[in-house]
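This is what each chain is made of:
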Amino acid sequence: MIRKTRFAVLAGSLLLGSAALQAPVPVLARSVHLAPHVPSTVVSGTLEGAGPVPFRVPVKEGQQLNIQCHSRKSGIYFFVKDQSGSMVYDSAVSPQPDRWTGEVSSAGLYTVGVYQKRSPVHLHKGQTAFFRLHVAVNND
């Protein structure tokens, strides 16, 4: 009886341990749709854990991309990557971390990702954060 109990506890521990070691499922990027003659929109979401919430924004060469990110929690930042995946902007290293305006150098789908940057003490607490992202594409 004791041997069966030990085996059951060991098997259960292995199952739980392997589930904890599985890689997180990547979040699919959502598309930002801008209606004709309406250059801006607002999208929102909830951050859970350490992974970013990505959005794809269609832009043309020479357009200006304006991003504003609002959240009630601290430690919420965003990044902008061009169509090749190169980092264009990261608000965590900016003196003004809630907004960015930049001219698009080439046409394509740019990625705007919102993420939370926590101290090592708070990484595993599973805190969530609601955010609102204002996206504007201008021909200026």
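Residues numbered from 1 in each chain as written. Predicted model: local features only at pLDDT ≥ 70, side-chain atom pairs only at ≥ 80, totals over all residues. Heavy atoms only, no water.

**Student:** Any details on the layout of surface pockets? Residues and values, ideally.
**Tutor:** Put simply, the largest pocket is a space of about 270 Å³. If you go around the largest pocket, you meet 13 residues; those closest to its centre are Leu34, Pro39, Gln63, Val137 and Asn139. Here the residues of the lining of the largest pocket sort into 8 nonpolar, 4 polar and 1 charged. (1 Å grid on protein atoms, 1.4 Å probe; cavity = no way out; pocket = protein on both sides within 12 Å on 5 of 7 lines; lining within 4 Å. Points joined across faces, edges and corners; volume = space filled by probe spheres on them. Nonpolar A, V, L, I, M, F, W, Y, C, P; charged D, E, K, R; others polar.)

**Student:** Tell me about the packing of aromatic side chains, and name the residues and values.
**Tutor:** According to the stated counting rule, one finds 5 aromatic pairs in the structure shown. Each ring, one from Phe79 and one from Tyr115, has its centre 6.1 Å from the other, and the planes form 35°; the classification is tilted. Taken together, the residues Phe79 in strand S5 (residues 76-81) and Tyr115 in strand S8 (residues 108-116) connect sequence positions 36 residues apart. With a relative accessible area of 14%, Tyr115 lands in the buried category. (Phe/Tyr/Trp six-rings, centres within 6.5 Å; stacked < 30°, edge-to-face > 60°. Helix = DSSP H or I, 4+ residues; strand = E, 2+ residues; numbered from the N terminus. Buried < 20%, exposed > 50% of the residue type's maximum accessible area, 1.4 Å probe, protein only.)

**Student:** Would you mind going over the environment of His33 in detail, with residue names and values included?
**Tutor:** Within the secondary structure, His33 sits in the loop between strand S1 (30-31) and strand S2 (40-48). A relative accessible area of 65% places His33 in the exposed class. Along the primary structure His33 and Pro58 are separated by 25 residues, whereas in three dimensions their C-alpha atoms are 8.1 Å apart.

**Student:** Break down the confidence of the model for the protein chain for me, citing the residues and quoting the values.
**Tutor:** Detailed conclusions should not be drawn from predicted coordinates in areas where pLDDT is low. For the protein chain, per-residue confidence averages 80 on the pLDDT scale, and residues scoring 70 or more make up 74% of the total. The low-confidence segment residues 14-25, where pLDDT is below 50, has 0 contacts with residues more than four positions distant or belonging to other chains. (pLDDT = per-residue confidence, 0-100. Contact = heavy atoms within 4.5 Å.)

**Student:** Can you break down the side chain of Gln63 residue by residue, with the values?
**Tutor:** Of note, Gln63 is situated in the loop between strand S3 (53-59) and strand S4 (64-70). Within polar-contact distance, the side chain of Gln63 engages the backbone nitrogen of Lys60 at 2.7 Å. For Gln63, the contacting residues outside a window of four places in its chain are Gly102, Glu103, Val104, Val137, Asn138 and Asn139. (Polar contact = N/O pair within 3.5 Å; in protein donor to acceptor, adjacent residues only side chain to side chain.)

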